[in-house]
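What follows is each chain in one-letter form.
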Amino acid sequence: MTNIKNSRRDFVKSSALVTGAMILPTMQMDAMVNVANDKKLKIALIGCGGRGTGAAQQALRADPNVELVAMADAFEDRLQGSLMNLQKEFKDTKKVNVPKANQFVGFDGAEKAINLADVVILATPPGFRPQHFEYAVNAGKHVFMEKPVATDIPGVRKVLAAAQVAKDKKLNVVVGLQRHYQDNYLAGLQQIKDNKIGKIVSGQVYWNSGGVWVRERQPGQSELEYQMRNWYYFNWLCGDHILEQHIHNIDVANWFIGEYPISAQGFGGRQVRTGKDHGEIFDHHFVEYTYPSGAVIASQCRHMPETMSRVAETFQGTKGTIETYGDNTFIKNYDGGEIFTHRGKDDPNPYQVEHIKLFESIRNKGVITDAENGAMSTMSAIIGRMATYSGQVIKWEEAMTSNIDLAPDNLTWDSPAPVQPNADGTYNIPIPGKTVVI
């Protein structure tokens, strides 16, 4: 961590592009051939919600000789629902073999499941990611982990330290920033490397949508269980939607520019999503990121029904522009002439590709090292949240020293919830100009 200033710029240039370079736009989806090791690989799923179940399905499809042997979740109903869906999906393959003894419910289940596996899928709410990742790599396991990889800066530091351990142990770590495994983004990146648009000087990145689910408080729930069930609306678990969703687009900016931001400033608030069941997060953020090269990126995300939806990235270079959205990439010069187009409606599913590449690398004794970039892009989104919550300019180097720990380790069902409601059932909302973030 002593070299964080230099590593921010150097890491992207030397390492973050490697993952993308490993995947050819013409890659086949026929799983793996000519692998060096045909050992059956045992998988543990940590976090059995929709994303975890989907990731487990993709992992089980990625390799002909893998088996799901353990599952862990805080809640019995989620684990059983996930297991039932996976058993149905793979009923003729014998790839799902999770006996009752390997079904772990509660806060201490993750470690028990990890111990039984060769490959671990980490898909709990992101507040738990740093401690699970640290344990997995210390135990010598290969990892697929969803983004973001933390919700606070102490968590980012923990992931960065564990990422180095993973490198030292030559463990494969794939992070679910799947655009790094998506053909149209890889094709666009190659055009940037070929100097088709010149140096990127500005850009706009978006995740504007109508929002996500709400899970109502149920009779008899403790405050901790309510927050765990409704995790998207609490920062210790989610980190706000600028982190949980919009990290994808911010990560693309970092990736294409080849740097991480040095500062962020912006604004946000709650205008539409204001109920007691919406916890403590904002419904809109706008952030201006400044990069070491001088590039400035405007970032916007919004959760408001009946408004314009846009999930995309656009960048302006000294010679032309690049726009990426969905499976498409378009590059034009400033006269409006088309330089490059990639329409990827028939491209392979990047959510599947990232698992294929993970198991391919394990079989061939390669090493994929996504964890550091995952942590740095997580940090980029966190400083954006810090900027909107405080109304201040947030500098990366200063923010990295923060010891504000949102997500405590070693929770039990007897622990108080890290955030407590007011007497009227509402939660304290960040107030720009008053909220302290460092």
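Naming follows an unreviewed UniProt entry, where the protein appears as Gfo/Idh/MocA family oxidoreductase of Arenibacter arenosicollis.

Enquirer: Help me out: how do you make sense of the environment of glycine 258 in this one?
Expert: Mapped onto the secondary structure, glycine 258 falls in the loop between helix H11 (247-257) and strand E8 (263-269). Sequence separation between glycine 258 and proline 292 is 34 residues; the distance between their C-alpha atoms is 10.0 Å.

Enquirer: It is not clear to me how the packing of helix H3 (residues 50-62) against helix H12 (residues 350-363) should be interpreted in this structure. Could you clarify?
Expert: Relative placement of two packed helices is described by the angle separating their axes and the distance separating the axes. The geometry of H3 relative to H12 is characterised by a closest axis approach of 8 Å and an angle of 50° between their N-to-C directions. What the angle tells us is that H3 and H12 run oblique. Crossing angle aside, the handedness with which H3 passes H12 is right-handed. Between H3 and H12, the residues in contact are Arg51, Ala55, Gln58, Ala59, Arg61 and Ala62 and Tyr351, Gln352, His355, Ile356 and Phe359, respectively. For the contact of H3 with H12, the class distribution of residues is six nonpolar, three polar and two charged.

Enquirer: What is the right way to look at the UniProt feature "domain: Gfo/Idh/MocA-like oxidoreductase C-terminal" (unreviewed entry) in the protein in this model?
Expert: The UniProt record marks residues 190-346 with the feature "domain: Gfo/Idh/MocA-like oxidoreductase C-terminal" (unreviewed entry), using the residue numbering of this structure. A helix fraction of 17% and a strand fraction of 37% characterise residues 190-346, whose end C-alpha atoms lie 19 Å from each other.

Enquirer: Explain the sheet that holds strand E2 (residues 66-73) to me, please; I cannot follow it from the model alone.
Expert: Sheet strands associate in pairs through backbone hydrogen bonding, adopting either a parallel or an antiparallel arrangement. What the six strands build is an open sheet, ordered E3-E2-E1-E4-E5-E6; its pairing is parallel. Because the sheet does not close on itself, it has two edges, and the strands there are strand E3 (103-105) and strand E6 (173-175). Strand-to-strand twist of the sheet, defined as the mean angle between neighbouring strand axes without regard to direction, takes the value 15°. Pairing geometry for strand E5 (residues 142-145) and E6, over three bridges, is parallel. Note on E6: the bridge partner recorded for valine 143 is valine 173. Seen against the sheet, helix H6 (residues 129-138) touches strand E1 (41-46), strand E4 (119-122), E5 and E6 and runs at an angle of roughly 165° to E5.

Enquirer: Teacher, can you tell me more about the nonpolar core here?
Expert: As a rule of thumb, nonpolar side chains are buried together in soluble globular proteins. Counting 95 residues, the largest nonpolar core has Phe133, Met145 and Phe256 as its most contacted members. Ranked by the residues each element gives to this core, the list is headed by helix H13 (residues 371-390), at 10 residues. Not counting residues up to four positions away in its chain, the partners in contact with methionine 145 are Leu122, Arg129, Phe133, Val159, Val173, Val174, Val175, Gly176 and Ala371. Counting 30 residues, the second largest nonpolar core, distinct from the first, contains Leu45, Ala55, Leu68 and Val119.

Enquirer: Can you help me understand helix H8 (residues 183-193) in this one?
Expert: The element H8 is extensively covered by neighbouring structure, given that nine of its 11 residues are classed as buried. Every buried residue belonging to H8 is among Asp183, Asn184, Tyr185, Leu186, Ala187, Gly188, Leu189, Gln191 and Ile192, and all of these are buried. Looking one or two residues beyond H8, the residue adopting positive phi is asparagine 195, at roughly 70°.

Enquirer: Any chance you could explain the packing of H3 against helix H4 (residues 76-89) here in plain terms?
Expert: The interhelical angle for the contact between H3 and H4, taken along N-to-C directions, is 30°, at an axis separation of 10 Å. Between H3 and H4, the interaxial angle falls into the category roughly parallel. Pair H3 / H4 crosses with right-handed handedness. Residues Thr53, Ala56, Gln57 and Arg61 of H3 lie in contact with H4, whose contacting residues are Ser82, Asn85, Leu86 and Glu89. Residues of the contact of H3 with H4, tallied by class, amount to two nonpolar, four polar and two charged.

Enquirer: I would appreciate a short explanation of the confidence of the model for the protein in the present structure.
Expert: In low-pLDDT regions, the fine details of the predicted coordinates are not to be read closely. Across the protein, the average pLDDT comes to 93, with 92% of residues at 70 or higher. Of the regions scoring below 50 in pLDDT, residues 1-7 engages in 11 contacts with residues more than four places distant in sequence or in other chains. Predicted confidence is poor over residues 11-36, with pLDDT under 50, and the contacts of this stretch with residues over four places away or in other chains come to 57 contacts.

Enquirer: Please explain the pairing of strand E11 (residues 310-317) as it appears in this structure.
Expert: Here is the key point about a regular strand: its side chains alternate between the two faces of the sheet. Of all eight residues in E11, six are buried; the element is thus mostly enclosed. Taken together, the eight bridges between strand E7 (residues 200-209) and E11 define a ladder with antiparallel strand orientation. Among the inter-strand pairings, isoleucine 200 is bridged to a residue of E11, identified as glycine 317. Hairpin geometry of E11 and strand E12 (residues 320-325) is characterised by an intervening segment of two residues between the two adjacent antiparallel strands.

So, how was this worked out
- Counting starts from 1 at the beginning of each chain's written sequence and moves along it residue by residue.
- pLDDT decides what is reported in this predicted model: residues at 70 or higher carry local features, side-chain atom pairs at 80 or more are listed and counted, and totals for whole chains, interfaces and linings draw on all residues regardless.
- Side-chain numbers come from the whole structure's heavy atoms, not from hydrogens or water.
- Starting at the N terminus, helices and strands are each numbered in turn, a helix being any DSSP run of H or I of at least four residues and a strand any DSSP run of E of at least two.
- Axis definition: a line fitted to C-alpha atoms, limited for helices to the stretch in contact. Angles are taken between N-to-C directions and run from 0 to 180 degrees.
- Note on angle classes: values under 35 degrees are labelled roughly parallel, values over 145 roughly antiparallel, values of 65 to 115 roughly perpendicular, and the remainder oblique.
- By the definition used in this description, the sense in which the near helix is turned from the far one sets the handedness, with an anticlockwise turn below a right angle giving left-handed and a clockwise turn giving right-handed.
- Contact criterion: two residues are considered in contact whenever any of their non-hydrogen atoms come within 4.5 Å of each other.
- Side-chain classes follow a simple rule in which Ala, Val, Leu, Ile, Met, Phe, Trp, Tyr, Cys and Pro form the nonpolar group, Asp, Glu, Lys and Arg form the charged group, and the remainder, Gly included, forms the polar group.
- UniProt positions are given in the numbering used here, feature names are shortened, and annotations may be inferred rather than shown by experiment.
- Pairs of strands are assigned from DSSP output, requiring at least two bridges between the strands.
- Nonpolar cores were defined as sets of buried Ala, Val, Leu, Ile, Met, Phe, Trp, Tyr and Cys residues, with membership established by side-chain atoms within 4.5 Å.
- When a residue's accessible area, from a 1.4 Å probe over protein chains only, is under 20% of the maximum for its type it is buried; when over 50% it is exposed; and in between it is partly exposed.
- Along the chain, pLDDT gives the predictor's confidence residue by residue, from 0 to 100.

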